Amino acid sequence: MICAGEGQGLGRGNEGSAPTDSRARAAPAADRSASAQKDKPDPPKLYTKAQAEQGKQVYAKNCAACHGDQLQGKTALAIAGAAFLKKAELLGWSVADLRTIIVTQMPRSNPGSLPPDQ
């Protein structure tokens, strides 16, 4: 991944000249990296905190018994992590495919009972 400022000559204007005091010295790489992280905009929000909380409640009620409290899998497959991502990639699953599976086949005890907006 390329970070903001990477390869852009962070010390522009000072190349080849020695700083005159300690305040003029270039920041250590860790400081520059932290600064670049602060300057990066936050990723777009895909849902609100209220929606996330509602989703957490729906998952706890309808999914966790089989898929685990941490999505790790219990009596059903894990739905997070490297193995899940590898399977999804291998099968070419899209977000729409996953949604269709959830809406039409889940929960196993009552398939199709989850409204599409959940």
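As the structure is a prediction and not an experimental result, all values here were calculated from the model.

Basis of the calculations
Residues numbered from 1 in each chain as written. Predicted model: local features only at pLDDT ≥ 70, side-chain atom pairs only at ≥ 80, totals over all residues. Heavy atoms only, no water. Helix = DSSP H or I, 4+ residues; strand = E, 2+ residues; numbered from the N terminus. Areas by Shrake-Rupley, 256 points an atom, 1.4 Å probe, with all protein chains shown as cover. Buried < 20%, exposed > 50% of the residue type's maximum accessible area, 1.4 Å probe, protein only. Contact = heavy atoms within 4.5 Å. Phe/Tyr/Trp six-rings, centres within 6.5 Å; stacked < 30°, edge-to-face > 60°. Disulfide = S-S within 2.5 Å. pLDDT = per-residue confidence, 0-100.

Caption draft 1: Examining the overall build of the protein chain more closely. A count of helical and extended segments in the protein chain gives five helices and zero strands. Counted from the first residue to the last, the protein chain has its helices and strands arranged as α-α-α-α-α. For the protein chain, the exposed surface amounts to about 9,900 Å²; the carbon and sulfur share of it is 57%.

Caption draft 2: Quick peek at the side chain of His67. If you trace the backbone, His67 turns up in helix α3 (residues 64–67). For His67, a relative accessible area of 14% translates into the label buried. For His67, the residues in contact, after removing those within four places along its chain, are Tyr59, Gln72, Gly73, Lys74, Ala76, Leu77, Ile79 and Met106.

Caption draft 3: Quick look at the environment of Phe84. Examined against the element boundaries, Phe84 turns out to sit in helix α4 (residues 82–91). Classification of Phe84 by relative accessible area gives buried; the value is 16%. Distance in space between the C-alpha atoms of Phe84 and Gln72 is 9.6 Å, their sequence separation being twelve residues. Apart from residues no more than four positions distant in its own chain, Phe84 is found in contact with Ala78, Ile79, Trp93 and Leu98.

Caption draft 4: Summary view of the packing of aromatic side chains. Per the counting criterion, the structure on display carries one aromatic pair. Ring geometry for Phe84 and Trp93: centres 6.2 Å apart, planes at 45°, overall tilted. With a relative accessible area of 28%, Trp93 lands in the partly exposed category.

Caption draft 5: Summary view of the environment of Lys56. Residue position: Lys56 is located in helix α2 (residues 49–62). Considered as a pair, Lys56 and Asp69 are 13 residues apart in the sequence and their alpha carbons are 9.8 Å apart.

Caption draft 6: Here's a closer look at the environment of Gly73. Here Gly73 shows up in the loop between α3 and α4. Residues within four places of Gly73 in sequence aside, it is in contact with Cys66, His67, Gly68 and Ala78.

Caption draft 7: Geometry of the state of the cysteines. According to the stated counting rule, one finds zero disulfides in the structure shown. Distance from the sulfur of Cys63, which forms no disulfide, to the nearest cysteine sulfur (Cys66) is 8.6 Å.

Caption draft 8: Unusual backbone geometry, seen in detail. For the peptide bond that leads from Met106 to Pro107, omega is -15°, which places it in the cis range. Along the chain, Pro107 turns up in the segment after α5 (95–105). With a phi close to 65°, Leu71 is a non-glycine residue in the positive phi region. Relative to the assigned elements, Leu71 resides in the loop between α3 and α4.

Caption draft 9: Fine view of the confidence of the model for the protein chain. Across the protein chain, the average pLDDT comes to 76, with 68% of residues at or above 70. Confidence, expressed as mean pLDDT per element, reaches its minimum in the protein chain at helix α1 (residues 29–39) with 57 and its maximum at α3 with 96. pLDDT under 50 marks residues 1–27. Its contacts with residues more than four places away, or in other chains, come to eleven contacts.

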